[in-house]
Amino acid sequence: MAQLTPAGEAGAASQPIDAAALAKDFPLLSREIHGRPITFLDSAASSQRPTAVLDAMRNYDETTHANVHRGVYTIAEEATRRFEGARAAVGRFIGAPVPSREVVFTKNATEALNLVVHSWGRANLGPGDAVVLTEMEHHANIVPWQMLAAERGIELRWLDVDDEGQLVLDNLDQILDGAKALSVTCMSNVLGTLNPIPQLAEAAHAAGAILIADACQSVPHLPTDVTALGADFVAFSGHKMCGPTGIGVLWGRESLLETLPPFLGGGEMILDVRRDGFTPNDIPWRFEAGTPPITEAIGLGAAVTYLEGVGMEAIRAHDIALTRYALAAFAQRFGSALTVFGPSDPEARGGVLSFAFGDVHPHDISQILDEYGVCVRAGHHCAKPLMRRLGVPATARASFALYNDEDDVDTLVDALEAAGRFFA
Amino acid sequence: MPGLEDLYREIILDHYRSPRNRGELESPPAVRVEGFNPLCGDEIVVTLDVDDGILQDIKIGGTGCSISQSSASLMSAAVKGRPLAEVYEVISTFKRMMSIHEASLPGEGSDPGATGDEGVDEPEAIDVAALGELAALQGVVKFPVRIKCATLSWNTLTQGLDEAASPASST
Ligand SMILES: Cc1ncc(COP(=O)(O)O)c(C=O)c1O
């Protein structure tokens, strides 16, 4: 089965997660909805934040806040140190060879991908050049390319998805032939499919193309080593990995980032500005125009420290176990009335379960589930080309995080049964 | 806190399970319009036959949730065979019923209770009795995200009526 990165040896050694205990770290999870304890199963859209993250942000705001990089006074210097410390922490978390130069803070993954398209794309793509995408991409990894394609006359090519939710790679070399970039998700936010990024990167590089990895769903759930992935750019969002909103990351290979023109213009991204022009700053600040989201960066730094404390190998093992349990519970309770899209092997996928349940529309499922305090997403999940491929207008989606356990799955299954009765 | 029974009234579930006027009229001569809810991917196809100032026939196609499907079915039953003036009247009354809370949506996050349910029970200047079965959709306004589901078919019908009026533009 396809794997994101070669399996680590340490996997089996890590302690299993005690999800119920970890859930206590997340204040929101003590909330009640319609008089019932919340069952939060929408972490693929945005995860909750532990006290450690909330405290780090509050502590920074209460003791240290000042604008970064230009100040000489004590708290400005401390703020800069904490902001750059967060960059180092994030870089270490993803195995960046040179964290201080390769980790670019953005608003979210969407902005990170737009940065690649605008900065790398404008510098490297012209009429007739081709970029390869896949049918399972999030709109964030489609629309920016379409915008540039329309402007520059670039050809967009597509890798198809098969019935198991895997990329069709039979004609990979042919599709990559003459292409300048392959931009692909590490883990589908709809199917949970884990794409074989190292293999794709190797094929892309052999064809003279770069590989851009949308790691929005994988970085929060699997150990990530950008070097092992073989990617040239990796994009992800803080708010899906127990961090705050308003902060995302673009990791770029140092040698490649150094060649790129700036993205947005303004303060922070320059070394010098004269009447006749400007000199851009060094990386990574060249891509961080204006005052950055400082509090949020510090929150993200605390989030990766929290995740490291739990252990990414353990989180991956937990996702697999919970997915296996959920697939079995679905099959046992609903048989063929419930269809889960994507790979059937829990080891070949993340803990993201999109499903169709009889004739009940995803909106109605989600509405009834809410009555039971169960939060699942209903819709196209910003992946309309994939919805077309699946032949459905929308799906309901339950997704797991380290704070979910088997009780959450049981609650989901009971609530689904109630929804089935309601619309029978 | 509004309950599910406010949303899923029996009439709504009935129209969802056995939709009225389902299908498509041959077009042309019928006017055919498609409506999309970009939020959830629901699609609706309304075909209508306007003649002599009367909405002679209407059919509904497409897919959607129980609220969008039942609303379309209820709508078709309410407007079929009626003079256009009356059809516009029903559309306008229905849209007013659905817009009661729309103004209060964006800022209500912190205390949903504070916006109150008062307006729903006593809708100003809406003759709920005149709406007949359509009044069953009243509860949808308590579930703001579902309002778009309920209004999808109505906006599509309005568009269809505009198209039916434009090419011949009689008067
Ligand atoms: C695979 C994938 N890519 C990109 C995004 C966009 O993330 P954001 O909205 O945080 O920019 C998401 C979020 O839904 C995602 O799941």
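Refer to the structure presented above.
Below or above, wherever it landed, is the structure these notes cover. Because the structure is a prediction, the values reported are computed rather than measured.

**What to know about the overall build of chain A**
Move 1: The helix and strand inventory of chain A stands at 15 helices and 17 strands.
Move 2: Relative to a compact globule of 424 residues, whose C-alpha radius of gyration would be 22 Å, chain A shows 22 Å and is just as compact.
Move 3: Seen through its principal axes, chain A has C-alpha atoms that stretch 70 × 55 × 40 Å.
Move 4: Put simply, chain A has 424 residues, and 57% of those count as buried.
Move 5: By sequence separation, contacts in chain A at least 24 residues apart represent 71% of the contacts at least 6 residues apart.
Move 6: Within the structure as shown, chain A displays about 16500 Å² of accessible surface, and the carbon and sulfur contribution to it stands at 52%.

**Some points on the overall build of chain B**
Move 1: Counting its regular elements, chain B contains seven helices and three strands.
Move 2: When the helices and strands of chain B are listed from N to C terminus, the series reads α-α-β-β-β-α-α-α-α-α.
Move 3: Going through the 171 residues of chain B one by one, you find that 47% of them count as buried.
Move 4: Counting contacts in chain B only where the partners sit at least 6 residues apart, residues at least 24 apart contribute 68% of the total.
Move 5: Within the structure as shown, chain B displays about 8100 Å² of accessible surface, and the carbon and sulfur contribution to it stands at 52%.

**Here we look at the interface of chain B and chain A**
Quite often, the size of an interface is put as the accessible area lost when its parts meet.
Move 1: Each partner contributes residues to the interface: chain B has 20 residues there, and chain A has 17 residues.
Move 2: Between chain B and chain A, roughly 1500 Å² of surface is buried when both sides are summed, and carbon and sulfur atoms account for 55% of that area.
Move 3: Counting every contact that joins chain B to chain A gives one salt bridge.
Move 4: Arg 146 of chain B is paired through a salt bridge with Asp 364 of chain A; the nearest N and O atoms lie 2.9 Å apart.
Move 5: For the pair chain B and chain A, the interface holds eight residue pairs in polar contact (both at pLDDT 80 or more).
Move 6: Mapped by element, the contributors of at least two residues to the side of chain B that touches chain A are α1 (4-7), α2 (10-17) and α3 (66-79) of chain B.

**Concerning the packing of aromatic side chains**
Move 1: Taken as a whole and judged by the stated rule, the model has ten aromatic pairs over all chains.
Move 2: Judged by centre distance (5.4 Å) and plane angle (50°), the rings of Phe 83 of chain A and Phe 105 of chain A are tilted. Residue Phe 83 of chain A is found in helix α3 (residues 74-93), and its partner Phe 105 of chain A is found in strand β4 (residues 103-106); the two are separated by 22 residues along the sequence.
Move 3: When its relative accessible area of 4% is taken as the criterion, Phe 105 of chain A is described as buried.
Move 4: Within the aromatic cluster, the residues linked to one another by ring pairs are Phe 422 and Phe 423 of chain A together with Tyr 8 and Tyr 16 of chain B.

**Quick look at the site of the ligand**
All names here are of chain A.
Move 1: Around the ligand, 13 residues are found, and the nearest of them are Thr 110, Asp 214, Ser 237, His 239 and Lys 240.
Move 2: Within the side chain of Thr 110, a nitrogen or oxygen atom sits 2.5 Å from an oxygen atom of the ligand.
Move 3: Note that an oxygen atom of the ligand is positioned 2.6 Å from one of the side-chain N or O atoms of Ser 237.
Move 4: Relative to its unbound accessible surface of 390 Å², the ligand loses 87% to contact with the protein.
Move 5: Within the shell around the ligand, the residues separate by chemical class into three nonpolar, eight polar and two charged.

**Some thoughts on the side chain of Thr 295 of chain A**
Move 1: Within the secondary structure layout, Thr 295 of chain A lies in helix α11 (residues 294-310).
Move 2: Apart from residues no more than four positions distant in its own chain, Thr 295 of chain A is found in contact with Met 57, Tyr 60 and Asp 61 of chain A.

Conventions we followed
- Residues numbered from 1 in each chain as written.
- Chains lettered and ligands numbered in written order.
- Predicted model: local features only at pLDDT ≥ 70, side-chain atom pairs only at ≥ 80, totals over all residues.
- Heavy atoms only, no water.
- Helix = DSSP H or I, 4+ residues; strand = E, 2+ residues; numbered from the N terminus.
- Rg over C-alpha atoms; globule rule 2.2 N^0.38 Å.
- Buried < 20%, exposed > 50% of the residue type's maximum accessible area, 1.4 Å probe, protein only.
- Contact = heavy atoms within 4.5 Å.
- Areas by Shrake-Rupley, 256 points an atom, 1.4 Å probe, with all protein chains shown as cover.
- Buried area = accessible area lost by both parts, 1.4 Å probe.
- Salt bridge = Lys/Arg side-chain N within 4 Å of Asp/Glu carboxyl O.
- Polar contact = N/O pair within 3.5 Å; in protein donor to acceptor, adjacent residues only side chain to side chain.
- Phe/Tyr/Trp six-rings, centres within 6.5 Å; stacked < 30°, edge-to-face > 60°.
- Near = heavy atom within 4 Å.
- Nonpolar A, V, L, I, M, F, W, Y, C, P; charged D, E, K, R; others polar.

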